[in-house]
Amino acid sequence: MSPKQSTKSKETIKESALEQAISKAVGRTSGARGKDPAAVKAAAGKPARRASAADKKESKAAAKAEEKTARPRQSKNAAKAVPTAAPEQENAAVKAAERQAKKTKSKAKAVQEKLKIIPLGGLGEIGKNLTVYEYGKDIILVDCGMGFPDDEMYGVDVVIPDISYLEENAERIRGLFLTHGHEDHIGAIPYVLRKINPPIYATRLTAGLVKIKLEEHKLLKQAQIQTVEAGMTIKAGCFSVEFIHINHSIADAVSFAIKTPLGTVIHTGDFKIDVTPVSGTMADLARLGQLGNEWVLALLPDSTNVEKPGHSESERKVGARFDELFKDCDKRIIVTTFASNVDRIQQIINYAAKYGRKVGITGRSMENILRVSTELGYMKVPEDVLVSMDRIKSVPKNRTVIITTGSQGEEMSALHRMAFSEHKQVDIDAGDRVIISASAIPGNELTITKVIDELFAKGAEVIYNRADNLHVSGHACQEDLKMMIALTRPKFFIPLHGETRMLHQHAKLARDMGIEPANILVSAIGHIIELTADSVKENGEVPAGRILVDGSGIGEVGSVVLHDRKHLADEGMIVVIMTMSGEDGSMVSAPEIITRGFVYLKEAENLMEEMKRVVVESIVSCENQRITDWSSIKGKVKSNLSGYLYKNTRRSPMILPVIIEV
Ligand SMILES: [Zn+2]
Ligand SMILES: [Zn+2]
């Protein structure tokens, strides 16, 4: 069915998709398989025999030879990436793909390659999503996200995936495909683009958000970003990637149907099924069902909400709650939400307009998103509703709505500044109703509750209860996840995007749906997942992990630095300065001791004197033992001092002995 048809009668399709899904689900659980994969494989003309060792050698040599003659990467990529536009051309695209498949068939005949899938992030964690798909000499990437540092990562701004495997194979990467514009899917791009520079394919809003990011990092010029509409297919090496419209808490999110020589792999990205979305249409379940009918090799779905029963709720529900809270309110209204939730912001603006209020926007990411999404037509702001923050004081307080960043209590955010009286234009008082329309991302609970406390202390009315329909999740709950499996009926099931327990829960859900346990794989980052038409297994590993970004330094902060920072934060620091003669190694003057974060000096004079005594004794004992090299002396001072301090204070500050040679 072409997307054209699907827009014609949404209602019927919604229904039929649901019916289809249910009947399929019923079919599946009673043990009925879709199509015989072997038959499909034969029909598609795939080489059935296994590769012999000789074959492998041959193809390796051939691949090497090809690599040698390959033109420079960028121009090659540009030439290879042929977007096939719009529904009318779909058939042509399929035919072209078939022709291409025939052409490559003769080459592929030599050996049956395996499809490799390597998650470099997003498994065993929420964040830094990056998945590698590899077949023969072609690689494509799905998403390139960042993670957030945990409490132990002192001073770390951003966490990105380890991409050494991609750097080693940079010339084989045919494209980076983005599912949507959330930070955990695009946030690492500015850092990764400094090492590899594949063409980037994304829908319009996602591309717009990536561009803002790259502009900030002064990398926009060198990036090759191509905008793709849902329904289009992009060819990249031996892969064809179809963009499928899906619902999420940000507009323009897509799932991918990645067509590989072994079959179609569906990578859902973050998704939910919203039958009454605020903007755009319901997820293209019909297309997913169609792909399921044609045979899906593997499904790699979002596992975030697998622990939650039922269906995920519609974004519209939040709008209804705003309506109640805005109606008859005689206070100034301040709302915070995730800046990327364009539909939520649109709803806030709509209800503000409905009740005759002006809207001020504050916080950099909120301003950015408003600019990009109105420019690209994802948000429609009624005329004369927006007012700049500089002029907002000229509007009566009870006629305004302020939309602000800070739903996670972030220290630099506008809401945080308001709460702690550091915001230029907004002072919080009893005339304010503050609405927190978000849930805390795990790990942020403490920071947000601090802000809420402060707002209450200033007299504001704060409405923040999650159970109050102030927020709905953007991720599919159990019933929707089942629906995805029912529609796509994959042979193999590899859950993505979740902490370890979620991945296992998702695996169980798939087993309950009738997927063979042997065909389900819970993997981990860095593991190489190998797929053939009839097997899935892990085979080997590539480097994977967390690269920490601190300021402009990427990867300079490693575990040693972090350990030091933790040590400093927990125990403080003592610097011992010893002035020694360069000629005979004798002590020239009494040692000096400087402490930071250890004890308050004035109250610890005794301790200071004792520490100096320990230092002098250590130096003297070195002299007696004819130990003259500086590093041994430093080592001795350090160990004696830390021994003394632990014995007397039960603390282990970091000790830095410094020798000044005169
Ligand atoms: Zn997301
Ligand atoms: Zn995500």
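The structure we're discussing is the one just above.
Residues numbered from 1 in each chain as written. Chains lettered and ligands numbered in written order. Predicted model: local features only at pLDDT ≥ 70, side-chain atom pairs only at ≥ 80, totals over all residues.

A. Fine view of the pairing of strand β5 (residues 158–161). Covered by surrounding structure in β5 are V158 and I160 together with V159 and P161, the residues of both alternating faces. Relative to strand β22 (residues 546–550), β5 is paired through 4 bridges, and the arrangement is antiparallel. By the bridge assignment for β22, P161 is matched with R546. (Buried ≥ 20, exposed ≤ 12 C-beta atoms within 10 Å, placed from the backbone. Helix = DSSP H or I, 4+ residues; strand = E, 2+ residues; numbered from the N terminus. Pairing = 2+ DSSP bridges.)

B. View of the pairing of strand β17 (residues 432–436). β17 sits mainly inside the fold: 4 of its 5 residues count as buried. Both strand β14 (residues 332–336) and β17 contribute to a ladder of 5 bridges, which runs parallel. Across the sheet, the residue bridging to T336 is I436, located in β17. Sheet topology note: the β17/strand β18 (residues 461–463) ladder contains 3 bridges and is parallel. Looking at β18, one finds that I435 is bridged to I463. On the question of chirality, the crossover connecting β17 to the parallel β18 by way of helix α16 (residues 445–457) is right-handed. (Right-handed = clockwise from strand over helix to strand, strands pointing away.)

C. Focus on the packing of helix α20 (residues 605–624) against helix α21 (residues 630–649). At a minimum axis separation of 9 Å, α20 and α21 run at an interaxial angle of 140°. By the angle between their axes, α20 is oblique relative to α21. Like other packed secondary-structure pairs, α20 and α21 cross with a definite hand, here right-handed. Of the residues in α21, those touching α20 at M611, V614, V615, S618, I619 and C622 are I633, K636, V637, N640, L641 and Y644. Residues belonging to the contact of α20 with α21 are distributed by class as follows: 9 nonpolar, 2 polar and 1 charged. (Axes fitted to C-alpha atoms, helices over the stretch in contact; angles between N-to-C directions. Parallel < 35°, antiparallel > 145°, perpendicular 65-115°, else oblique. Left-handed = near helix turned anticlockwise from the far one by under 90°. Contact = placed C-beta atoms within 7 Å. Nonpolar A, V, L, I, M, F, W, Y, C, P; charged D, E, K, R; others polar.)

D. Layout of the sheet that holds strand β25 (residues 592–596). Pairing within the open sheet is mixed, and its 3 strands lie in the order β25-β24-β26. Edge positions in the sheet fall to β25 and β26 (654–661), since each has one partner strand and no second. Averaged over all pairs of adjacent strands, the angle between their axes in this sheet comes to 20°, without regard to strand direction. Pairing of strand β24 (residues 573–580) with β25, which is carried by 5 bridges, proceeds in the antiparallel orientation. Note on β25: the bridge partner recorded for V576 is I593. Packing of α21 onto the sheet brings it into contact with β24 and β26, and relative to β26 it is tilted by some 145°.

E. Here's a closer look at the sheet that holds β14. Read from one edge to the other, the open sheet built from 5 strands follows the order β15-β16-β14-β17-β18, with strand pairing classed as parallel. For this open sheet the edge positions go to β15 (358–362) and β18, each flanked by a neighbour on one side alone. Across the sheet, the mean angle separating the axes of adjacent strands is 20° when strand polarity is ignored. Each of β14, β15 and β16 (400–404) is contacted by helix α13 (residues 342–354), which is oriented at about 170° to β16, the strand it contacts most.

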